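What the coordinates show
Chain residues, written in single-letter form:
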There are 4 protein chains.
Amino acid sequence: MKIRKAILNKAKKIKLLATDVDGVLTDGKIVILNSGEEIKFWDVYDRFAFTLLRNYASYIKIAWITGRTSPQVAARAKEVGVNYLYQKCMDKISAVHDILKKENLTIDEVAFIGDDLIDLPVLSKCGLAFCPKNAPEEVKDAVDYITNGKSGEGIFREAVEIIFKSQGIWKKVLENYRRSIRISKATQNHTEKTQKKIQ
Amino acid sequence: MKIRKAILNKAKKIKLLATDVDGVLTDGKIVILNSGEEIKFWDVYDRFAFTLLRNYASYIKIAWITGRTSPQVAARAKEVGVNYLYQKCMDKISAVHDILKKENLTIDEVAFIGDDLIDLPVLSKCGLAFCPKNAPEEVKDAVDYITNGKSGEGIFREAVEIIFKSQGIWKKVLENYRRSIRISKATQNHTEKTQKKIQ
Amino acid sequence: MKIRKAILNKAKKIKLLATDVDGVLTDGKIVILNSGEEIKFWDVYDRFAFTLLRNYASYIKIAWITGRTSPQVAARAKEVGVNYLYQKCMDKISAVHDILKKENLTIDEVAFIGDDLIDLPVLSKCGLAFCPKNAPEEVKDAVDYITNGKSGEGIFREAVEIIFKSQGIWKKVLENYRRSIRISKATQNHTEKTQKKIQ
Amino acid sequence: MKIRKAILNKAKKIKLLATDVDGVLTDGKIVILNSGEEIKFWDVYDRFAFTLLRNYASYIKIAWITGRTSPQVAARAKEVGVNYLYQKCMDKISAVHDILKKENLTIDEVAFIGDDLIDLPVLSKCGLAFCPKNAPEEVKDAVDYITNGKSGEGIFREAVEIIFKSQGIWKKVLENYRRSIRISKATQNHTEKTQKKIQ
């Protein structure tokens with residue numbers, strides 16, 4: 001993945017990574033059971049990207065800003081370490097400004113990932129804007145970077161990789177994963193507990 | 001998306017947008033649990049299209065006409081604001097004429113989206129006919145417009161966008177979404193209630 | 001869809017359409033809940049093909065022959081009108097001969113759809129053999145016709161269409177669906193019961 | 001599928017086939033119900049590959065080594081005959097060495113299938129390394145063979161086929177499946193019990 005210099009310059013400044021949920025972190029399918037429970041399809045590459053953010057760049061805040069509401073979104077946001085969650089939020093730009101005030105950041109320090117018209121105000125104003133390759137043309141026209149993946153196919157991970165590369169973190173990540181990472185005592189014990197010979 | 005003049009002329013007249021359900025609004029997969037409950041996969045772009053219809057073109061009536069029956073279809077039809085729901089309906093053209101009489105409309109004011117042979121009578125008679133790109137050849141031959149998306153991939157949204165463009169509504173939609181939409185007091189309160197700092 | 005003459009000549013004789021289940025009628029994904037319940041993904045175009053078989057060619061027997069066993073398979077086989085169901089059957093060619101004896105048919109009157117090595121004995125001996133385009137090379141080499149669709153993407157429907165075309169039934173099907181099919185009194189009542197104005 | 005000589009030479013030595021789970025044996029989608037239950041999508045071609053391993057090459061040990069933990073993974077590992085299961089294991093190379101000691105094997109007798117950065121240490125050291133075609137570039141650079149399939153699309157099966165071909169087993173498999181395999185008394189009875197005429 002070759003990234004244009006202009007994108008890297010914008011990515012260098014990012015201290016808040018905000019994203020829509022449905023159609024970005026999920027594949028945009030809506031499945032509702034008779035019980036009212038929703039089933040959402042998340043991506044394993046994105047999950048790892050949240051781990052990378054926590055372990056290598058905890059100074060970058062994470063926000064999920066969605067027009068809908070769902071207990072599953074709240075549960076997963078907590079699980080992956082999201083700092084700010086806005087649900088049932090139609091005015092996403094106000095939500096972003098709200099966070100900027102609390103974190104003492106400026107709008108060019110914000111990256112946003114969105115996939116539809118409702119995201120246009122934020123996408124056109126934030127420092128670095130992403131959308132999936134299946135987004136409507138008007139959204140594609142408004143962003144800095146169209147991801148290689150479609151909705152729910154690791155597009156959050158693509159954004160994290162670009163930000164990490166621009167901020168000199170990606171090399172460190174690769175070095176650590178390329179050599180056998182020493183495990184702490186705690187992890188070793190855990191590994192022993194869960195490892196077992198089946199047959 | 002460049003739309004042919006002939007399509008726009010037909011779309012200009014539409015006052016009833018009727019559609020099949022399985023294979024149009026869903027991806028055509030059938031999943032039935034042991035309990036008998038069905039799982040259906042809807043699309044997030046289509047959902048937004050229903051919101052657009054309600055907010056910008058409430059004079060266009062919406063009908064779902066399907067050969068099957070399912071409590072989930074009834075629940076979602078209500079949720080997204082469908083005006084007429086026909087389930088277990090094998091004679092779709094009669095259903096359409098039924099609505100025309102009630103709404104005092106003519107057949108050239110009807111757009112229909114269908115994906116299989118059973119939809120041929122309506123598709124060949126209504127004012128503007130759509131099918132997904134994975135439909136059988138005989139259905140493709142009968143429609144005015146084959147969508148870019150496959151079953152369940154936002155093809156209802158494609159139809160709405162064409163109708164909106166032909167009726168001069170799309171520009172207004174984009175203008176509203178491009179500028180930060182002012183939120184009402186009610187929405188603000190709601191936003192505050194659901195917004196929270198997780199960590 | 002242009003079908004080779006040699007295929008049509010073989011298809012003309014078919015009086016038994018037998019098929020594997022997983023990877024043919026379903027997409028080959030295995031989903032097992034903690035309760036042990038399996039979730040299978042069937043196709044809406046295939047379902048319609050079973051209706052066509054019952055309504056237009058009831059002299060063609062339908063058999064499902066699968067190496068696995070599942071209550072959902074039994075339930076759906078009944079629902080779509082399968083004549084013979086063999087589950088946990090590893091010797092599919094014997095199952096086919098068993099049916100031939102009961103129905104007084106010969107092996108060249110059998111069409112079979114399979115997607116893996118276990119289907120090779122039947123595929124290489126039956127009158128007309130199909131596999132999905134994602135099947136292993138050894139299976140593709142053994143069949144008469146590789147479908148345009150992948151596992152679970154309407155490949156049973158493709159087989160039915162070919163058989164119907166070869167036996168002169170397809171034209172009749174299209175004629176009936178192209179003109180508004182008259183509905184019976186019973187269907188009309190049913191339609192009225194399930195039709196309703198939502199708003 | 002034409003396999004390079006260098007790959008076959010490496011595959012010839014394999015006596016332990018170890019693999020990651022999410023994103024290799026599954027499609028990398030994460031689905032978590034409100035109850036906490038996870039839904040995973042496995043592949044029907046992979047399942048058959050496990051059967052082939054048990055029936056034709058029981059001297060090849062199978063290990064699943066995953067960074068996560070799930071009761072479903074444990075259940076399926078048992079079902080398909082996995083010899084070693086490591087869950088919540090972050091240090092996969094240590095897990096592999098642990099098995100090597102128990103089985104008295106060397107690292108060049110190990111094949112590993114991984115799809116992300118966490119698998120890099122094992123992939124770069126083991127005898128034969130595989131990844132799916134949707135893996136990140138850094139992972140693709142580290143492996144001997146990039147599969148034709150994506151995550152969860154039979155990539156374990158691809159690995160088994162290559163190992164079988166290199167070890168002269170594949171021909172035997174094909175011969176057995178091409179001729180009608182004689183079934184044992186036990187299987188015959190079972191078949192009779194589950195076979196039934198529906199109509």
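Being a predicted model, the structure only gives us computed values, none of them experimental. (Residues numbered from 1 in each chain as written. Chains lettered and ligands numbered in written order. Predicted model: local features only at pLDDT ≥ 70, side-chain atom pairs only at ≥ 80, totals over all residues. Heavy atoms only, no water.)

Residue and element names in this part refer to chain B. Here Ser70 shows up in the loop between strand E5 (61–65) and helix H3 (71–80). You can call Ser70 buried: its relative accessible area is 7%. Among the polar contacts made by the side chain of Ser70, one reaches the main-chain amide nitrogen of Gln72 at a distance of 3.1 Å. If we ignore the near neighbours within four places in the chain, the residues touching Ser70 are Glu38, Lys40 and Gln87. (Helix = DSSP H or I, 4+ residues; strand = E, 2+ residues; numbered from the N terminus. Buried < 20%, exposed > 50% of the residue type's maximum accessible area, 1.4 Å probe, protein only. Polar contact = N/O pair within 3.5 Å; in protein donor to acceptor, adjacent residues only side chain to side chain. Contact = heavy atoms within 4.5 Å.)

So, on to the relation of the copies chain A and chain B. Mapping chain A onto chain B calls for a screw motion: a turn of 90 degrees about the axis and a shift of 0.0 Å along it, with 0.0 Å RMSD after fitting. In symmetry terms, the pair is related by a four-fold rotation axis. Across chain A, the rotation axis passes nearest the C-alpha of Ile39 of chain A, at a separation of 6.8 Å. By residue overlap, the copies meet through two different surfaces: only 2% of the interface positions of chain A are interface positions in chain B. (Least-squares fit on C-alpha atoms with pLDDT ≥ 70 in both.)

Turning next to the relation of the copies chain C and chain D. Here chain C sits on chain D after a turn of 90 degrees about the axis and a move of 0.0 Å along it, with an RMSD of 0.0 Å. A share of only 2% of interface residues in chain C that are also interface residues in chain D marks the association as one of differing surfaces.

Okay, the interface of chain A and chain B next. Taken together, the 40 residues of chain A in the interface contact 37 residues of chain B. Buried area between chain A and chain B, summed over both chains or domains, comes out near 3300 Å², and the portion from carbon and sulfur atoms is 54%. The largest contributions to the chain A side of the interface with chain B come from Lys29, Ile30 and Leu117 of chain A, which together make up 18% of the buried area. At the junction of chain A and chain B, the tally comes to two salt bridges. Ionic pairing is found between Arg157 of chain B and Asp116 of chain A, a salt bridge with its closest N-O pair at 2.6 Å. Where chain A meets chain B, there are nine residue pairs in polar contact (both at pLDDT 80 or more). Elements that contribute at least two residues to the side of chain A that touches chain B include exactly strand E2 (29–32), helix H3 (71–80), strand E6 (84–86), helix H4 (92–103), helix H5 (120–125) and helix H6 (137–142) of chain A. Split by residue class, the side of chain A that touches chain B holds 19 nonpolar, seven polar and 14 charged. The pairing of E2 of chain A with strand E4 (residues 42–43) of chain B spans two bridges and is classified as antiparallel. If you follow Lys29 of chain A over to E4 of chain B, its bridge partner there is Asp43 of chain B. (Buried area = accessible area lost by both parts, 1.4 Å probe. Salt bridge = Lys/Arg side-chain N within 4 Å of Asp/Glu carboxyl O. Nonpolar A, V, L, I, M, F, W, Y, C, P; charged D, E, K, R; others polar. Pairing = 2+ DSSP bridges.)

A word on a positive patch on the surface. A cluster of basic side chains, namely Lys133 and Lys150 of chain A, Lys133 and Lys150 of chain B, Lys133 and Lys150 of chain C together with Lys133 and Lys150 of chain D, defines a positive patch on the protein surface. When you line up the elements, Lys133 of chain D lands in the loop between strand E8 (128–131) and helix H6 (137–142). (Patch = residues over 30% accessible without salt bridge, like charges linked within 9 Å, V, L, I, M, F, W, Y side chains within 5 Å. Areas by Shrake-Rupley, 256 points an atom, 1.4 Å probe, with all protein chains shown as cover. Lys, Arg positive; Asp, Glu negative; His and termini not counted. Charge placed at Lys NZ, Arg CZ, Asp CG, Glu CD.)

A separate point is the environment of Leu174 of chain A. With respect to the helices, strands and loops of the structure, Leu174 of chain A is situated in helix H8 (residues 170–178). Take Leu174 of chain A: its relative accessible area is 8%, and that puts it in the buried class. For the pair Leu174 of chain A and Leu8 of chain A, spaced 166 residues apart in sequence, the C-alpha separation works out to 18 Å. Setting aside chain neighbours within four positions, we find Leu174 of chain A in contact with Leu117 and Glu138 of chain D.

Turning our eyes to something else, we now look at the interface of chain C and chain D. With 40 residues of chain C at the interface, the matching set in chain D holds 37 residues. Together chain C and chain D conceal approximately 3300 Å² of surface at their shared face, both sides included; 54% is due to carbon and sulfur atoms. Three residues stand out in chain C for area buried against chain D, namely Lys29, Ile30 and Leu117 of chain C, and they jointly supply 18% of the buried area on that side. Summed over the shared surface of chain C and chain D, the result is two salt bridges. Counting the contacts that link chain C with chain D gives nine residue pairs in polar contact (both at pLDDT 80 or more). Across the side of chain C that touches chain D, the residue classes tally to 19 nonpolar, seven polar and 14 charged.

All right, on to the sheet that holds strand E3 (residues 38–39) of chain C then. Note on sheets: strands pair through backbone hydrogen bonds, and any given pair is parallel or antiparallel. With antiparallel pairing, three strands are arranged side by side in an open sheet as E3(C)-E2(C)-E4(D). The sheet is open, and its two borders are formed by E3 of chain C together with strand E4 (42–43) of chain D, each paired with just one other strand.

Following the criterion strictly, the structure yields 24 aromatic pairs over all chains and no others. Each ring, one from Trp42 of chain B and one from Trp64 of chain B, has its centre 5.7 Å from the other, and the planes form 20 degrees; the classification is stacked. Linking Trp42 of chain B in strand E4 with Trp64 of chain B in strand E5, this pair joins segments that are 22 residues apart in sequence. Taken as a pair, Trp42 of chain B and Trp64 of chain B share a single burial class, namely buried. Aromatic side chains Phe50 of chain B and Phe156 of chain B sit 4.2 Å apart centroid to centroid with 15 degrees between the ring planes, which places their arrangement in the stacked category. With Phe50 of chain B in helix H2 (residues 44–56) and Phe156 of chain B in helix H7 (residues 155–166), this residue pair connects regions lying 106 residues apart in the sequence. Of the two residues examined, Phe50 of chain B and Phe156 of chain B, each falls in the buried class. Put simply, the rings of Phe41 of chain A, Phe41 of chain B, Phe41 of chain C together with Phe41 of chain D touch in pairs and so form one group of aromatic residues. Positioned over the ring face of Trp42 of chain A is Arg76 of chain A, at 5.2 Å from the centre of the ring. (Phe/Tyr/Trp six-rings, centres within 6.5 Å; stacked < 30°, edge-to-face > 60°. Lys NZ or Arg CZ within 6 Å of the ring centre and 35° of its normal.)

As a measure of interface size, the accessible area lost when the parts come together is often cited. Residues and elements named next belong to chain A. Segmentation of chain A into domains returns domain 1 (5–167) and domain 2 (169–199). Both faces considered, domain 1 and domain 2 share a buried interface measuring about 810 Å² in area, 72% of it formed by carbon and sulfur atoms. If you sort the residues of domain 1 by the area they bury against domain 2, Leu52, Tyr56 and Phe164 come out on top, with a joint share of 59%. For the pair domain 1 and domain 2, the interface holds zero salt bridges. The interface formed by domain 1 and domain 2 holds four residue pairs in polar contact (both at pLDDT 80 or more) in total. (Domains from an automatic or database assignment.)

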